[in-house]
Amino acid sequence: MGKLTKKEAQALDFNTKVIHIGGHPDSETGAIMPPIYQTSTFVQKSPGEHSGYEYTRSHNPTRTRLEECLASLENAQHALVTASGLSAAMLVMHALPENSVILCGDDVYGGTYRLFTTVFHERHQIHFVDTTDLKSLERKVSELKPALIWLETPTNPMLKVTDIAAVAKMAKKAKSMTLVDNTFMSPYFQRPIDLGADMVLHSMTKYLNGHSDVVGGALMLNNKKFYDKLWTLQNSIGPSQSPFDSWLVLRGLKTLAIRMQAHEKNAIKLAKWLEAHPKVDKVIYPGLKSHPQHKIAKKQMSGFGGMITFFLKGGLKESKKFLSNVTLFSLAESLGGVESLIEHPAIMTHASVPKQTREELGIHDNLIRLSVGIENYDDLVADLEKAFKKIR
Ligand code: P1T
């Protein structure tokens with residue numbers, strides 16, 4: 001019932017890591033599935049003499065297993081699991097010295113935008129920039145010497161792809177840190193730390209868990225000093241994930257590799273089908289040759305993921321009609337679960353982005369976002385076609 005050594009664990013293939021790192025049998029009972037340490041506190045032998053676990057806000061053995069697995073999947077030394085993707089973002093913002101300059105991609109999840117513009121705008125100087133325009137970004141980096149460059153790639157919802165290695169290189173020159181929100185790709189398709197980034201953020205709510213039954217976040221990084229700062233903040237502020245939720249993510253992770261393959265297989269076919277559809281104006285999917293950063297996507301990702309956005313021919317009326325007539329695609333916020341979801345970014349996930357900014361980014365009323373699930377492809381197409389037929 002041995003546990004893998006660090007060296008043995010590192011040598012494993014991704015498909016083996018998702019199952020075996022943090023998935024070792026319970027040393028006490030031999031239970032093949034990790035115990036859920038559903039406890040708030042841990043008994044001490046004498047004051048300060050304990051097993052390494054004192055209180056679940058600080059540490060919990062089920063969460064530790066998940067952190068071990070996540071660190072290894074992103075090829076990082078450390079991982080910190082948090083109660084949500086946004087609380088992971090919050091910890092990073094608190095960990096930076098006051099009045100830090102941050103360059104953040106202009107097209108990020110609406111909740112991240114809201115966190116930065118309504119909570120942290122007073123603590124830091126946050127500039128939103130188009131990180132796909134490397135020349136302009138480089139000028140800003142050398143002029144502003146930011147503490148942090150925050151990338152979402154591909155972005156939510158416009159699926160813009162930023163060259164991670166190029167940004168990490170310019171960041172290093174300016175002594176800036178680079179963080180990549182890797183939620184859309186998961187470490188199965190993209191590993192930012194291997195490309196030179198300093199830190200990876202995930203909303204585990206999405207592909208990592210994969211079953212739409214948990215909210216969670218994670219940060220992976222190599223810098224021990226910054227990790228310690230993040231952990232201290234988490235312990236002090238309190239957004240730790242519950243043991244049961246960590247256990248669910250550990251369970252979901254086991255199928256990450258095959259789920260991602262299935263998401264992508266459906267999404268590639270669906271993107272091509274949509275591109276040829278007479279009621280569709282334009283499709284955005286990093287795997288399409290028509291995607292403006294298709295070459296960069298091919299270079300830095302080993303697959304293109306399960307997210308598609310497209311512009312319907314028409315406006316809000318047509319979008320609403322379409323969205324109200326799908327059945328297998330559930331009209332809901334979130335993404336990355338095994339079931340297909342559909343949503344209207346302007347009204348739903350990105351409502352907190354001001355209308356003018358939305359318009360500038362291309363988040364118009366005819367923009368639809370799909371999280372393509374792993375159901376049968378023909379059933380998914382038939383569902384969309386049924387809804388297309390309802391619009392004139
Ligand atoms: O919802 P939460 O676990 O707090 O994660 C926030 C978050 C962070 N980063 C990205 C790229 C995200 O997409 C999200 C959450 N996104 C949605 C809920 C959504 O429907 O787009």
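1. Quick notes on the overall build of the protein
Reasoning step 1: Within the protein, the secondary structure is distributed over 15 helices and 12 strands.
Reasoning step 2: For the protein, the C-alpha atoms occupy an extent of roughly 75 × 50 × 35 Å along the three principal directions.
Reasoning step 3: Within the protein, buried positions represent 55% of all 392 residues.
Reasoning step 4: Looking at the protein alone, contacts between residues at least 24 apart form 72% of all its contacts between residues at least 6 apart.
Reasoning step 5: When the accessible surface of the protein is totalled, it reaches about 17,000 Å², and 54% of it is carbon and sulfur.
Reasoning step 6: Between the averaged position of the 47 positive side-chain charges in the protein and that of its 40 negative side-chain charges there is a distance of 3 Å.

2. Overview of the sheet that holds strand β3 (residues 125-129)
Reasoning step 1: Read from one edge to the other, the open sheet built from seven strands follows the order β1-β7-β6-β5-β4-β2-β3, with strand pairing classed as mixed. Pairing within the sheet leaves two strands with one partner each, and these edge strands are β1 (78-82) and β3. Ignoring strand direction, the axes of neighbouring strands in this sheet form an average angle of 20 degrees.
Reasoning step 2: When β1 meets strand β7 (residues 217-221), the two strands line up antiparallel, connected through five bridges. By the bridge assignment, His78 is partnered in β7 with Leu221.
Reasoning step 3: Helix-sheet contacts for helix α3 (residues 61-73) involve β1 and β7, and the interaxial angle to β1 is about 130 degrees.
Reasoning step 4: Of the strands in this sheet, β2 (101-105), β3 and β4 (148-152) are in contact with helix α5 (residues 110-119), which crosses β3 at around 145 degrees.

3. Observations concerning the packing of helix α4 (residues 85-95) against helix α9 (residues 224-237)
Reasoning step 1: Taken N-terminus to C-terminus, the directions of α4 and α9 make an angle of 115 degrees; their axes are 9 Å apart at the nearest point. With respect to each other, α4 and α9 are oriented roughly perpendicular. α4 and α9 meet at a crossing whose hand is right-handed. Listed contacts from α9 to Met90, Leu91, Val92, His94 and Ala95 of α4 are Phe226, Lys229, Leu230, Leu233, Gln234 and Ile237.
Reasoning step 2: In the contact of α4 with α9, the residues fall into eight nonpolar, two polar and one charged.

4. Structural notes on the domain arrangement of the protein
Often, the extent of an interface is quoted as the loss of accessible area on bringing the components together.
Reasoning step 1: The assigned domain composition of the protein is domain 1 (6-253) and domain 2 (256-388).
Reasoning step 2: Once you take the C-alpha centre of each, domain 1 and domain 2 turn out to be 25 Å apart.
Reasoning step 3: With 43 residues of domain 1 in contact, the opposing surface of domain 2 contributes 45 residues.
Reasoning step 4: Summed over both sides, the interface between domain 1 and domain 2 buries roughly 3,300 Å², with carbon and sulfur atoms accounting for 62% of that surface.
Reasoning step 5: In terms of surface lost to domain 2, no three residues of domain 1 exceed Met158, Phe189 and Tyr207, which account for 24% of the buried area on that side.
Reasoning step 6: Viewed at the interface, domain 2 and domain 1 are joined by one salt bridge.
Reasoning step 7: Ionic pairing is found between Lys299 and Asp163, a salt bridge with its closest N-O pair at 2.7 Å.
Reasoning step 8: Elements represented by at least two residues in the side of domain 1 that touches domain 2 include exactly α2 (14-20), α5, α7 (164-173), α8 (186-189) and α10 (243-253).

5. A closer look at the site of the ligand
Reasoning step 1: In the neighbourhood of the ligand, 18 residues make up the surrounding shell, with Asp181, Ser203, Thr205, Ser334 and Arg369 lying closest.
Reasoning step 2: The separation between an oxygen atom of the ligand and a polar side-chain atom of Thr205 is 2.6 Å.
Reasoning step 3: Relative to its free-state accessible area of 480 Å², the ligand is covered by the protein chains to the extent of 93%.
Reasoning step 4: The residue makeup of the shell around the ligand, split by class, is four nonpolar, nine polar and five charged.
Reasoning step 5: Residue-level mapping places the shell around the ligand at the junction of two domains, with at least three residues from each of domain 1 (6-253) and domain 2 (256-388).

6. Regarding the packing of aromatic side chains
Reasoning step 1: Taken as a whole, this structure holds 11 aromatic pairs when the rule is applied.
Reasoning step 2: Taking the centre distance of 6.2 Å and the plane angle of 10 degrees together, the rings of Phe244 and Trp247 count as stacked. With a gap of three residues between them, Phe244 and Trp247 both fall in helix α10, about one helical turn apart.
Reasoning step 3: A relative accessible area of 16% means that Trp247 is categorised as buried.
Reasoning step 4: Between Tyr285 and Phe304, the aromatic rings sit 6.4 Å apart at their centres with planes inclined by 65 degrees, giving edge-to-face as the arrangement. Linking Tyr285 in the loop between β8 (280-284) and α12 (294-300) with Phe304 in the loop between α12 and β9 (307-312), this pair joins segments that are 19 residues apart in sequence.
Reasoning step 5: With relative accessibility at 14%, the residue Phe304 sits in the buried group.
Reasoning step 6: Linked through ring pairs, Trp273, Phe310, Phe322 and Phe388 together constitute an aromatic cluster.

Rules used throughout
Residues numbered from 1 in each chain as written. Predicted model: local features only at pLDDT ≥ 70, side-chain atom pairs only at ≥ 80, totals over all residues. Heavy atoms only, no water. Helix = DSSP H or I, 4+ residues; strand = E, 2+ residues; numbered from the N terminus. Buried < 20%, exposed > 50% of the residue type's maximum accessible area, 1.4 Å probe, protein only. Contact = heavy atoms within 4.5 Å. Areas by Shrake-Rupley, 256 points an atom, 1.4 Å probe, with all protein chains shown as cover. Lys, Arg positive; Asp, Glu negative; His and termini not counted. Charge placed at Lys NZ, Arg CZ, Asp CG, Glu CD. Pairing = 2+ DSSP bridges. Axes fitted to C-alpha atoms, helices over the stretch in contact; angles between N-to-C directions. Parallel < 35°, antiparallel > 145°, perpendicular 65-115°, else oblique. Left-handed = near helix turned anticlockwise from the far one by under 90°. Nonpolar A, V, L, I, M, F, W, Y, C, P; charged D, E, K, R; others polar. Domains from an automatic or database assignment. Buried area = accessible area lost by both parts, 1.4 Å probe. Salt bridge = Lys/Arg side-chain N within 4 Å of Asp/Glu carboxyl O. Near = heavy atom within 4 Å. Polar contact = N/O pair within 3.5 Å; in protein donor to acceptor, adjacent residues only side chain to side chain. Phe/Tyr/Trp six-rings, centres within 6.5 Å; stacked < 30°, edge-to-face > 60°.

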